[in-house]
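# Coordinates in review
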Amino acid sequence: MKNWLVAVMAMFLLTACGDEKDASPEQLQKTIDEGTAGFEMLGGKIQEATGVPEDEKQQIIDAFNEYIAAFNDKDLQRYKTIISQNAKGFDYEEDVKAVTEVFKQYDINRSAEDITIVNYKADEAQVFSNLTTNTKELETGAEMSGTGRQVTVFVKEDLWKVSSIYYIGNE
């Protein structure tokens, strides 16, 4: 029974990751090193990006919070609004289909801590967070919880929108 939970958690956490879903930790580190997604930890502490204008900072954090809330609320319309239709890390239509199925089969609640903008350019921002994910299968009532670190990449379109996600689960 636990295998289905692991599969669901993997599917959920990687729904918006596209090509990154099969990435090993080494591949993710290479991606970070090449600048696709990146942040530095000094002494186990996340380093916040400098030079982020205050109004942009608030908009980016609000977009991240909306991304988490829309998913937790199972609000597909809000979720579709916060993800980019021109994403680099996933196919929009495939992601919407996958999330629709997840909403039908599971109650999932994600909570984020240590939300920090770790990389910023005028048209792209990377937000680090420590995530706790609680999942309950609606049909059986089986539950699972997991934690991990995520970098959510946002692009500036009409608003800040999710373009890719890099997630590493904690053991």
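Conventions adopted
The numbers attached to residues start from 1 for each chain and follow its sequence in the written order. Per-residue local features are limited, in this predicted model, to residues with pLDDT of at least 70; the limit for side-chain atom pairs, both in listing and counting, is 80 or more; totals at the level of whole chains, interfaces and linings are taken over all residues. The basis for every side-chain value is the complete set of heavy atoms in the structure, and neither hydrogens nor water enter the calculation. Note on terminology: a nonpolar core comprises buried Ala, Val, Leu, Ile, Met, Phe, Trp, Tyr and Cys residues joined through side-chain atoms within 4.5 Å. Type-normalised accessible area, obtained with a 1.4 Å probe on protein chains alone, sets the label of each residue: buried when under 20%, exposed when over 50%, and partly exposed for intermediate values. Helix numbering and strand numbering both begin at the N terminus, where a helix is a DSSP run of H or I of at least 4 residues and a strand a DSSP run of E of at least 2. Contacts are residue-level and defined by heavy atoms, with any inter-residue pair within 4.5 Å sufficient. One requirement defines pairing of two strands: DSSP has to find at least two bridges between them. Lines fitted to C-alpha atoms define the axes here, with helix axes fitted over just the stretch in contact, and angles between the N-to-C directions of these axes take values from 0 to 180 degrees.

## Examining the nonpolar core
- Among the nonpolar cores identified, the biggest contains 32 residues, and Tyr67, Ile83, Ile117 and Tyr120 are the most heavily contacted of them.
- Looking at this core, the elements that each hand over two or more residues are α3 (54-72), α4 (76-82), α5 (92-105), β3 (106-121), β4 (124-137) and β6 (160-169).
- Considering every element that reaches this core, the biggest residue donor is α3, with eight residues.
- With near-sequence residues (within four places) excluded, Ile83 lies in contact with Phe90, Tyr92, Asp95, Val96, Lys161 and Val162.
- Among the nonpolar cores identified, the runner-up in size contains six residues, and Ile46, Val151, Val153 and Tyr166 belong to it.

## Looking at the sheet that holds β3
- In spatial order, the strands read β3-β4-β5-β6; together these four strands make up an open sheet with antiparallel pairing. Every other strand in the sheet has two partners, leaving β3 and β6 as the edge strands with one partner each. Sheet twist, expressed as the average angle between the axes of neighbouring strands with direction ignored, equals 25°.
- Bridge analysis of strand β5 (residues 143-156) against β6 gives nine bridges, and the strand direction is antiparallel. Note that in β6 the partner of Val151 across the bridge is Tyr166.
- Against the sheet, α3 touches β3, β4, β5 and β6, its axis set at about 165° to β3.

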